[in-house]
Amino acid sequence: MRNRIFWGAAVFAVLLSGAVSGQSVVGRNTNAVGPTPDGFYRGIPHYQDNEAHCDRNPQLPSNIICMANGYAGADDAIGDAWPRIFETQDNARTWLSRFAKGSAADDFSSDLGLGFGADPIMVCFPGGCGGFFIASSRSEGGGTGGGVYMALLPEVNSEVGFRHVDEAGPPRTVQIGTGGNFLDKIDAIFIPDTDNPGTIPVTLTVETSPGVTVPDTVPRQWIKGRFIVVYASINSSNQNVRIFSTYSDDYGLNWSPPKQVANTTGVDTGVAVSAIGDTVFYAYRQFADDSGGQVDAIWGAVSTNRGQTVRKPFVVVDNWCAFDQPTLPNADDQSIVASRTNNFVDISNDGNYFVMVLAGRLRGPPPGNSCFTPPFDYPAGSRVYVTRAGSSGKNWIAPEPLAPRNESDGPRNGHSFQFMPAVDCVLGVCQAIWYDSIRDSIRNFSYVEPMPAEGMPARNWPSAADAFETFPLFGDFIHELTELDGPDNGKFIQFRRTADVYTRQFTVSGSGPNPFIFRDLEPVRVTNFQLAAVSPSVVVEVEQLPFGLKQYKRETVSFMGDYIGLASKKIRGGPDPANPSAPPIYEPNYGIDDENPQLKPSWFAYWTDTRNARGQLYTQNIEDSVPFEKTPSPGGMGGMGNAAPADDDTDLGEQLLSSNKKLGAEGVEDSNPGDPVPLDCSPWEPSSILNAIDNRNRIKDADVYGALIEVPATAWVLSASKGLGRIVPDPQNPGEVIPLQRTYTIAARNEDRENGKKFRFRIMNQPVGFLANEARASWLQLPFKDFDNEAEPPLEQVDEDVGPKSSVTVALFVVSAEPINPVNVNVYEVDTLDNETLVETLTVDGALFAGDLVTPFGAPADVNLEEIHNPFVYAPTATVWNPDVWNPDVWNPDVWNPDVWNPDVWNPDVWNPDVWNPDVWNP
């Protein structure tokens, strides 16, 4: 019966999620929590990962790097949450995972000696990434010791495995909390130096696996630029929050003295930062206090010199009806389960305008239009909004809904909770993302109101519909049916809430009545789930994203994390093809690329997802703990007689409105104090796989999921940086040398679900040395030496046809005597009239921001000395390869008799509605 409860809640007709036309083409959902290679600490598998933050390699956008709160070591060697790194080199198709350094699972030379790490921010630059996070130790007031740290992840030129590896030793220190202050809520950006471009030398030691350095020291030439990190400093004794900004011009080796951005009060505060040129805009949340002297609001501050000084803060949005909810259950009411969320803002820019998104609770009806005033007798819900300001960071306009609902949008006026928004702008286009419960609302109203699905019993529970509509939280809760519900009076119904991720694309206008021009006619759903055909005409989803699973604090509370987001290519540029020896020039990629104005943007959307949780996901009663034992309790299904006594007299409404609460670290504690979990191996050693003997990890599975949001056609290069100008001995002419030919693989993908496309690949410039027959770029491998480019010109253009939802790869061959010699390639979509639409501009070169190519393990030759090999031909053995052995009679199609797959097995009578007893059935 329990399985029927769960699957009944999960099955949802696909017809309710019809496609919406627009610019946001969402790819398949992918689980970013990939396997951990041998040699790295794994922890206990299938635990929680949340609060991810991702970025894309500016040189190789198909290389996506994420960092998230990882709990696989919480019941193990680490003892609590610690940042975990996820990486893909093939556009989110396959992933690898490992823990960031600095935890108790590392040896003493790398261990920071702190209890937990959380709130990661990933920022990438040409040649590497910086993974920023907080680390501290648990205390009643939030955290003690610790501060903000940076995992410097230099890029190594590896085409397999991790492309970004750990710097040897512990993470770099950005700032330490002092005087009882706990550092929290960080954000970070990287600004390339466009006024004084060039490179700076960086020497560091890297590890490809724990304790293994390859080589001992790695020299790099990284571009000039500045990291800016902003964070909140919380004093738990007097509820005081100050916001600081610091910067580094040498990749985290040294940091500037912190500059105060703001001095505020409240439970907690979220901070965000973005920059247009030298103008840096800081945004933060002000929480209302109990006295009423301070209201919920969004504030901002500006620096005009890239963070060196910060001007006085000012109000951006005043008296905001913010959507906040605490972690529930608590001692006051065990019949509610909710994940904590707060209205933290997110900002980006399109090169001309700063853009901010935020979440607000629906206000009460006129004339009061009150914000969240008990007794909660008006329709509840929340909406996400967007606002913008000019490049000065001033004069913000009134926020507008990103996804407005009205009476025509569905039952109960489009009832839904929208929250936790994020925004990212690239190439002059902005993409927003958020959690939304609209489909969950449709499902629940359809169940409790007299609109039954086919085969389900008719019912009319108006009190349940009213309770659902006015319930002020997005969480699981119990409702007792009343006399309004007829013969079902006194029975209990439990609402188990699910969510989806939605997105919408827009551009920003500087004037006129429409400051935001939406490129998607309606919001587009990002989450997609596995499908099953339950009849010849009905296809249903057999997965869901439950939002209230008790997975933390010994399975007593739920926590989805505070963030979701979008990753894009943040930096563009590179060496000048006409002058490869000149300093490379890079610039932010937020605005339109004037040299390639037709370029279209793409994003990787990421969020926390619980679809893979297994075992007993839900308790029989909402207030029960997990794992649980079914015991008789008064109150029928609800069992509300088991609610724990309150620790104080504060009711739920007062608790939600009050800011007089203890401060807490943002990663929910999951160290499970008390009896240790027995493990199947002791003592712990690196590469050990630890599993709890009692299988307590069976429900602790929250994963980082993602999906590409792309235009209908995309293109990328799999490895853009390979050292050119390498020389190898010529076996035919001892003592002489020849240039090395390099091969670059370029891919293009057709995202159209129905129609094929033609792609055109065109070489836009020949490398320096072409006229002297010392360099050559061609789609043909031969000749790669002793060529005459005038007599035998290279093939500079190829066309390839690609089917729907398919991709194609082509090989570009470059020969050069110059070590840095960039070649630009344009990829076009070509219609039937031979009209070209630019898809992407790609650059391949020998700019060694990532160093020399790493020779794959077991390779017979150094790829930096030789890339093209003569094949060794093995003579076949006639007897072994006898085709008679592969007799096609063995594969007789009669064995696959379709009668075996008799559709009668899927008899709908098995799904008898009488089995779904309303006393137990979950809506």
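## Some words on the environment of Arg-363
Then comes step 1: Residue position: Arg-363 is located in the loop between strand E28 (353-361) and strand E29 (382-390).
Then comes step 2: Since its relative accessible area comes to 37%, Arg-363 is described here as partly exposed.
Then comes step 3: Residues Arg-363 and Ser-382, spaced 19 residues apart in sequence, show a C-alpha to C-alpha distance of 8.9 Å.
Then comes step 4: Those residues in contact with Arg-363, other than ones at most four positions away along the chain, are Asn-319, Trp-320, Cys-321, Asn-369, Ser-370, Cys-371 and Tyr-378.
Then comes step 5: A distance of 3.1 Å separates the side chain of Arg-363 from the backbone oxygen of Asn-319, its partner in a polar contact.

## Observations concerning the packing of helix H3 (residues 438-448) against helix H4 (residues 462-470)
Helix-helix packing: each pair is described by the crossing angle between the helix axes and the interaxial distance.
Then comes step 1: Interhelical geometry of H3 versus H4 gives an angle of 160° and a closest axis separation of 9 Å. When the axis of H3 is compared with that of H4, the two are roughly antiparallel. The handedness of the crossing between H3 and H4 comes out as right-handed. Judged by residue contacts, Asp-440, Ser-441, Asn-444, Phe-445 and Val-448 of H3 engage Ala-464, Ala-465, Phe-468 and Glu-469 from H4.

## Observations concerning the pattern of salt bridges
Then comes step 1: Tallied over the entire structure, the rule returns 30 salt bridges.
Then comes step 2: Linking Asp-296 and Arg-285 is a salt bridge whose minimum nitrogen-to-oxygen distance equals 2.7 Å. With a gap of 11 residues between them, Asp-296 in the loop between strand E22 (279-286) and strand E23 (297-303) and Arg-285 in strand E22 connect regions that are remote in the sequence.
Then comes step 3: In this structure Arg-285 comes out as buried when scored by relative accessible area, which is 1%.
Then comes step 4: Across the pair Arg-760 and Glu-836 runs a salt bridge whose closest N-O atoms are separated by 2.9 Å. Placement of the pair is Arg-760 in strand E49 (residues 757-763) and Glu-836 in strand E54 (residues 836-844), with a sequence separation of 76 residues.

## Side note on the side chain of Lys-550
Then comes step 1: Assignment of secondary structure puts Lys-550 in the loop between strand E39 (538-541) and strand E40 (565-567).
Then comes step 2: By relative accessible area, Lys-550 is classed as buried at 6%.
Then comes step 3: A polar atom in the side chain of Lys-550 sits 2.5 Å from the backbone oxygen of Ile-622.

Calculation rules
Residues numbered from 1 in each chain as written. Predicted model: local features only at pLDDT ≥ 70, side-chain atom pairs only at ≥ 80, totals over all residues. Heavy atoms only, no water. Helix = DSSP H or I, 4+ residues; strand = E, 2+ residues; numbered from the N terminus. Buried < 20%, exposed > 50% of the residue type's maximum accessible area, 1.4 Å probe, protein only. Contact = heavy atoms within 4.5 Å. Polar contact = N/O pair within 3.5 Å; in protein donor to acceptor, adjacent residues only side chain to side chain. Axes fitted to C-alpha atoms, helices over the stretch in contact; angles between N-to-C directions. Parallel < 35°, antiparallel > 145°, perpendicular 65-115°, else oblique. Left-handed = near helix turned anticlockwise from the far one by under 90°. Salt bridge = Lys/Arg side-chain N within 4 Å of Asp/Glu carboxyl O.

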